[in-house]
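Below, each chain spelled out in residue letters.
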Amino acid sequence: MKQERIIGIDIGGTKIQMGVILNGVIEKKIKFPTRANAAQEEIIQDIIQQIEALETSFAGIGIGVPGLVDEDNGIIYDLVNIPSWQEVHLKEVLEAHFQKPVFITNDANMFALGEKYFGKGRGYRNFVGITIGTGFGSGIFINNRLYGGNYASAGELGSMPYKDSTIETYCSGKFFQQHYGSSGYELFERAQHGDPKAMQAFKEYGSHLGEAIKMILLILSPEAIFIGGSVSDSFKFFEEGLRESLNAFPFKRVLNDLEILTSDVSEVSLLGAAALVQDHLEELANLAIVPSKTDIKI
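Calculation notes
Residues numbered from 1 in each chain as written. Predicted model: local features only at pLDDT ≥ 70, side-chain atom pairs only at ≥ 80, totals over all residues. Heavy atoms only, no water. Pairing = 2+ DSSP bridges. Helix = DSSP H or I, 4+ residues; strand = E, 2+ residues; numbered from the N terminus. Axes fitted to C-alpha atoms, helices over the stretch in contact; angles between N-to-C directions. Contact = heavy atoms within 4.5 Å. Core = buried A, V, L, I, M, F, W, Y, C linked by side-chain atoms within 4.5 Å. Buried < 20%, exposed > 50% of the residue type's maximum accessible area, 1.4 Å probe, protein only.

**Student:** How do you make sense of the sheet that holds strand β10 (residues 136-142) when you look at a structure like this?
**Tutor:** Consider a sheet: its strands pair through backbone hydrogen bonds, and that pairing is either parallel or antiparallel. Reading across from one edge, β11-β10-β9-β14-β15 is the order of the five strands in this open sheet, with mixed pairing throughout. Of all strands in the sheet, those bounded by a partner on one side alone are β11 (145-147) and β15 (259-262). Taking each pair of neighbouring strands and ignoring which way they run, the sheet shows an average axis angle of 25°. Pairing of strand β9 (residues 127-132) with strand β14 (residues 224-228), which is carried by five bridges, proceeds in the parallel orientation. The partner of Ile 130 across the bridge, within β14, is Ile 227. Here helix α3 (residues 107-118) sits on the sheet in contact with β9, β10, β11 and β14, set at roughly 50° to β10. Here helix α7 (residues 196-219) sits on the sheet in contact with β9, β10, β14 and β15, set at roughly 145° to β9.

What follows is the structure, given as C-alpha cells:
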C-alpha cells in the first residue's frame, strides 16, 4: 500500500502533542497546552486549528487518549483530567471536518503500537508495553495483534487494588511524591550523584513494580515487557529492586524466558498513532479487493 502522511495525536490532561509521520519518520511536530477546564467544543476546535496549521494533506488521523474509547465509533468517555470530555464523538466531528478517516484508542495502546512497529517489540508476538509517568498504563499484544478489549480498556492494571491503594499509586511517579516528598525527576538527579535516600527510593519502587509485573505474568505470561514513559529513564536505579521482587515468582521457566526492556523509541506514541491508522487503512484496502459471493465464478 502506498505510504502517505498521517497525523498522530497524543491527548493528555496538561498537553496535546501532534506529529506528521511519513514512512515511520516524524517530519514535524507541535505541542500545546490542553485547556483541560474548557468546554468540550472549545478543546475540539483547538485540535482542529492545530491540525490545519500543521498539515493540510494527509491520509488519516490517529489519536491516543487517557481514558475509555468506543473504538468502532470513535467515542471517548470519562477523561478524568478533562472534565468536559465525558462523551465526545471525536471521530464523527473530525471526519466530517477533514473528510479523512480517524481512528482512536487508549494512549497506552498507542505506546504498545509504537513499540511493536518501530521499536524492540518487532521481534515478539506476545508482549506488554507499560508506560509510566504521572500514571501507569499498559498495552497488550497477543499473537501480533493489539488487544484492547471492551472500550480499549484492557491492561488498565494501574486501577487494580494494591496494599492500601492501587498499583498506580505505588508504581507511577505518584509513589515518589507521596512516600518521599520529591518528584521522580528530583530523586533521579540525586541518585545520579549516589544519594543513599534516592537510591533506596528507587529500590523500593522497583519492588512494587515487580509485584505488578508478577500479576501480568500470571494473567498473560508474555514473552517480553517493555517499559516506557518518564520513569523508565531511572531503570538502572530500580532494576535491582524489580529483579529481587520477581525472584519470588513461582514459575521459574516463565520468568527465565521473560525479557524486560526499556523503550528507546523517541515519540513512540506519535509513531503508534501512525501504525494505528496504517493498520486500519490496509485492512480496509484488503476488504475492498476481496470479491463478494456474487463476483465469484466457478
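Structure's up, so let's keep going.
**Student:** Even after reading the chapter, I still don't get the nonpolar core, so can you show me in this structure?
**Tutor:** A general tendency of soluble globular proteins is for nonpolar side chains to be buried together. Judged by nonpolar contacts, the single largest core of 38 residues is most densely connected at Phe 136, Leu 209 and Ile 213. Counting only elements with at least two residues in this core, the list comes to β9, β10, α4 (167-171), α5 (174-180), α6 (184-192), α7, β14 and α8 (235-246). The dominant element in this core, judged by the number of residues it contributes, is α7, at nine residues. Sequence-distant contacts of Phe 136, defined by excluding residues within four places in its chain, comprise Ile 130, Thr 131, Leu 157, Gly 158, Ile 167, Glu 168, Cys 171, Ser 172, Leu 209 and Ala 212. Counting 30 residues, the second-largest nonpolar core is a separate cluster that includes Ile 44, Ile 47, Leu 94 and Val 102.

These figures come from the coordinates and say nothing about function on their own.
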